[in-house]
Amino acid sequence: SPGELKAQREFKMLDFNGDGKLSRSEVKLFPRLAAAFDEADTDGDGFVSYAEVRAFAAKYRAGVIASEQRHKRLQRRRHRLRRPLRQKPVREER
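The structure reproduced in this document is the subject of the present report. Small disclaimer: the values here were computed from a predicted structure and weren't measured.

1. Some thoughts on the packing of aromatic side chains
The relation between two aromatic rings is expressed through the spacing of the ring centres and the mutual angle of the planes.
Phase 1 of the analysis: For the structure on display, the rule yields one aromatic pair.
Phase 2 of the analysis: For the pair Phe11 and Tyr50, a centre-to-centre distance of 5.4 Å together with 75 degrees between the ring planes defines the contact as edge-to-face. In this pair, Phe11 is assigned in helix α1 (residues 2-14) and Tyr50 in helix α4 (residues 50-82), connecting sequence segments 39 residues apart. Exposure class is identical for Phe11 and Tyr50. Each is buried.
Phase 3 of the analysis: Sitting over the ring of Phe47, Lys21 keeps its end group 4.4 Å from the ring centre.

Put into structure tokens, the structure is as follows:
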């Protein structure tokens, strides 16, 4: 897919020495990547492979989507709470 091709190109661009994996020094110029390095390095070898990047990206996207869904649910609840209550018509006594 186009997204997969773009991800592969970006990975290769970051892989300065061409060894097929990213080291801390290769990602240090990218604060978001550097901050997520330990979480993405699932096998703990001190490098992040393309497979680890893909797995991390999928996990991240799933978290973002879930967060957006929670946010939308909360917005709907707040909207419902702001609506004026319907009042029953008052019957006139005779």
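This is not the end of the story, as more comes after the structure.
2. Brief notes about the layout of surface pockets
Phase 1 of the analysis: Here the largest pocket is characterised by a volume of approximately 810 Å³.
Phase 2 of the analysis: Around the largest pocket, the lining is made up of 25 residues, and of these Glu10, Leu33, Val53, Phe56 and Ala57 lie nearest the centre.
Phase 3 of the analysis: At the level of elements, α1, α3 (31-40) and α4 are the ones that each hand at least two residues to the lining of the largest pocket.

3. A word on the pattern of salt bridges
Phase 1 of the analysis: In the structure shown here, the tally under the stated rule is four salt bridges.
Phase 2 of the analysis: Among the salt bridges present, the one from Lys6 reaches Glu10, with a minimum N-O distance of 3.9 Å. Of the two residues, Lys6 and Glu10 are both situated in helix α1; the distance of four residues between them amounts to about one turn of the helix.
Phase 3 of the analysis: Exposure remark for Lys6: the relative accessible area of 44% places this residue in the partly exposed category.
Phase 4 of the analysis: Look at Glu10 and you get partly exposed, because its relative accessible area is 39%.
Phase 5 of the analysis: A salt bridge links Lys59 to Glu39; its shortest N-O distance comes to 3.1 Å. Remark: Glu39 occurs in helix α3 and Lys59 occurs in helix α4; sequence separation between them is 20 residues.

4. Here we look at α3
Phase 1 of the analysis: What α3 keeps buried is the set Ala36, Phe37 and Ala40. What you see down the axis of α3 is that its buried residues fit within an arc of 150 degrees, all on one side. Residues Pro31, Ala35 and Asp38 are exposed on α3 and point more than 90 degrees away from its buried face.

5. A word on the nonpolar core
Phase 1 of the analysis: Counting eight residues, the largest nonpolar core is built from Phe11, Leu14, Leu22, Val27, Phe37, Ala40, Val48 and Tyr50.
Phase 2 of the analysis: For this core, the secondary structure elements donating two or more residues are α1 and α3.
Phase 3 of the analysis: In contact with Phe37, other than residues within four places in its own chain, are Leu22, Ser23, Arg24, Val27, Gly46, Phe47 and Val48.

6. Quick word on a nonpolar patch on the surface
Phase 1 of the analysis: Residues Phe16, Leu29, Phe30 and Leu33 make up a contiguous nonpolar surface patch of about 410 Å² in total accessible area.
Phase 2 of the analysis: Its location among the elements puts Phe30 in the loop between α2 (24-27) and α3.
Phase 3 of the analysis: Using a relative accessible area of 33% as the deciding quantity, one classes Phe30 as partly exposed.

Conventions adopted
- Every chain is numbered on its own, with residues counted from 1 as its sequence reads.
- Since the coordinates come from a predicted model, pLDDT governs what is reported: local features require at least 70, and pairs of side-chain atoms require 80 or more to be given and counted, while whole-chain, interface and lining totals use all residues.
- Excluded from the side-chain calculation are hydrogens and water; included are all heavy atoms of the structure.
- Note on aromatic pairs: the rings of Phe, Tyr and Trp (six-membered ring only in Trp) are paired at centre separations within 6.5 Å, and the planes decide the class, stacked below 30 degrees, edge-to-face beyond 60, tilted for the rest.
- Starting at the N terminus, helices and strands are each numbered in turn, a helix being any DSSP run of H or I of at least four residues and a strand any DSSP run of E of at least two.
- Per-residue accessibility, obtained with a 1.4 Å probe over protein chains only, is compared with the maximum for each type, and a residue is labelled buried under 20%, exposed over 50%, and partly exposed between these values.
- Only when the NZ atom of a Lys or the CZ atom of an Arg is both within 6 Å of the ring centre and within 35 degrees of the ring normal do we say a charge sits over the ring.
- For cavity detection a 1 Å grid was placed over the protein atoms alone, and a set of points counts as a cavity when a 1.4 Å probe fits there but cannot get out; an open set counts as a pocket when protein lies on both sides within 12 Å along at least five of seven lines, with lining residues being those that have an atom within 4 Å of a point.
- Grid points are joined across faces, edges and corners, and a volume is the space filled by probe spheres set on the points.
- One speaks of a salt bridge when a side-chain nitrogen belonging to Lys or Arg is within 4 Å of a carboxyl oxygen belonging to Asp or Glu.
- In this context, the arc is that of the directions from the helix axis out to the C-beta atoms.
- For this analysis, a nonpolar core means a set of buried residues of the types Ala, Val, Leu, Ile, Met, Phe, Trp, Tyr and Cys, connected via side-chain atoms within 4.5 Å.
- We call two residues in contact whenever any of their non-hydrogen atoms come within 4.5 Å of each other.
- Residues qualify for a patch when their relative accessible area is over 30% and they have no salt bridge, like charges being joined within 9 Å and the nonpolar side chains of Val, Leu, Ile, Met, Phe, Trp and Tyr within 5 Å.
- Note that accessible areas follow from Shrake-Rupley with a 1.4 Å probe, and for residues the cover is restricted to the protein chains shown.

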